[in-house]
Amino acid sequence: MIRVLVVDDHAIIRKGMKAVLDLIQDIELVGEAENGRQAAKMDLELKPDVILMDLMMPEMDGITSIREIKAQRPEARILVLTNFAGEEMIFPAIKAGAMGYHLKDSSPEALVDAIRQVSNGESSLHPLIARKVLD
């Protein structure tokens, strides 16, 4: 079972992720955080297999949260899920320690595949993001 923590400041996104993940046999949603500060605290408590992290949030943004989580638990596996496809977000997130970067327009199937890949220690990039990284 892959244990997932969803981090997003929008309740509708968190509830939508819960609805999607509840349908998947090998993935369990173990927690929801609404900002990066809460995510860092919950990571220590829950020790999820994968953290699904938004980047733009109040109190503590996703990139800062990724850095904090990786500092406190280096083995943490973080998959970014955001609307932002600009290089000013992609590269700092990856440098901070994100193993994957997907956009919120990804299909549920692609996102589930990405969660599995990151859980297995593999990187996972949305096709648009992969193109930008390769360029």
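For the structure itself, consult the block above.
Description of the structure in this document. (Residues numbered from 1 in each chain as written. Predicted model: local features only at pLDDT ≥ 70, side-chain atom pairs only at ≥ 80, totals over all residues. Heavy atoms only, no water.)

**Side note on the pattern of salt bridges**
And step 1. Under the counting rule described, the total for this entry stands at twelve salt bridges.
And step 2. Asp22 is the salt-bridge partner of Lys18, the closest N and O atoms lying 2.9 Å from each other.
And step 3. Exposure remark for Lys18: the relative accessible area of 34% places this residue in the partly exposed category.
And step 4. Here Glu75 makes a salt bridge to Arg73, at a shortest N to O gap of 3.9 Å.
And step 5. Through salt bridges that share partners, Arg14, Lys15, Glu32 and Glu34 make up one connected network. (Salt bridge = Lys/Arg side-chain N within 4 Å of Asp/Glu carboxyl O. Buried < 20%, exposed > 50% of the residue type's maximum accessible area, 1.4 Å probe, protein only.)

**Overview of the sheet that holds strand β6 (residues 124–125)**
And step 1. Read across the sheet, six strands follow the order β2-β1-β3-β4-β5-β6 without closing on themselves; strand pairing throughout is parallel. Among the strands making up the open sheet, the edge pair consists of β2 (27–33) and β6.
And step 2. Taken together, the two bridges between strand β5 (residues 100–103) and β6 define a ladder with parallel strand orientation. Across the sheet, residue Tyr101 finds its bridge partner in β6, namely Leu125.
And step 3. Along the sheet, helix α1 (residues 11–21) contacts β1 (2–7), β2, β3 (50–53) and β4 (78–82); its crossing angle with β2, the most-contacted strand, is approximately 170°. (Pairing = 2+ DSSP bridges. Helix = DSSP H or I, 4+ residues; strand = E, 2+ residues; numbered from the N terminus. Contact = heavy atoms within 4.5 Å. Axes fitted to C-alpha atoms, helices over the stretch in contact; angles between N-to-C directions.)

**Brief notes about the side chain of Asn35**
And step 1. Tracing the backbone through its elements, the reader meets Asn35 in the loop between β2 and α2 (36–46).
And step 2. Among the polar contacts made by the side chain of Asn35, one reaches the main-chain amide nitrogen of Gln38 at a distance of 2.8 Å. (Polar contact = N/O pair within 3.5 Å; in protein donor to acceptor, adjacent residues only side chain to side chain.)

**So, empty space enclosed by the protein**
And step 1. Summed over the entire model, instances satisfying the criterion amount to one cavity of 30 Å³ or more.
And step 2. Of the volumes computed, that of the largest cavity is approximately 30 Å³.
And step 3. Surrounding the largest cavity, Val6, Val7, Asp8, Ile13, Met17, Leu52, Met53, Asp54 and Leu81 form its lining.
And step 4. Looking at the lining of the largest cavity, the elements that each hand over two or more residues are β1, α1 and β3.
And step 5. Across the lining of the largest cavity, the residue classes tally to seven nonpolar, no polar and two charged. (1 Å grid on protein atoms, 1.4 Å probe; cavity = no way out; pocket = protein on both sides within 12 Å on 5 of 7 lines; lining within 4 Å. Points joined across faces, edges and corners; volume = space filled by probe spheres on them. Nonpolar A, V, L, I, M, F, W, Y, C, P; charged D, E, K, R; others polar.)

**What about α1?**
And step 1. The set of residues buried in α1 consists of Arg14, Met17 and Leu21. Projected onto a plane normal to the axis of α1, the buried residues spread over an arc of 65° and lie on a single side.
And step 2. Of the surrounding secondary structure, the elements contacted by the buried residues of α1 are β1, β2, β3, β4 and α5 (108–119). (Arc of directions from axis to C-beta.)

**Topic: α5**
Residues separated by three or four positions in an α-helix point in the same direction, a consequence of the helix having 3.6 residues per turn.
And step 1. Compared with an ideal rise of 1.5 Å per residue, which puts twelve residues at 16 Å, α5 spans 16 Å between its outermost C-alpha atoms and is within 8% of the ideal.
And step 2. Of all the residues in α5, the buried ones are Leu111, Val112, Ala114, Ile115, Val118 and Ser119. Seen end-on, α5 carries its buried residues on one side only, within an arc spanning 160°.
And step 3. In the stretch just after α5, Gly121 is the one whose phi turns positive, near 85°. (Expected span 1.5 Å × (residues − 1).)

**Structural notes on the pairing of β2**
Remark: a regular strand shows side chains that alternate across the two faces of the sheet.
And step 1. Strand direction decides the pairing type here: β1 and β2, joined by six bridges, are parallel. Within β2, the position partnered with Leu5 by the bridge is Gly31.
And step 2. In this view, the connection linking β1 to its parallel neighbour β2 by way of α1 has right-handed handedness. (Right-handed = clockwise from strand over helix to strand, strands pointing away.)

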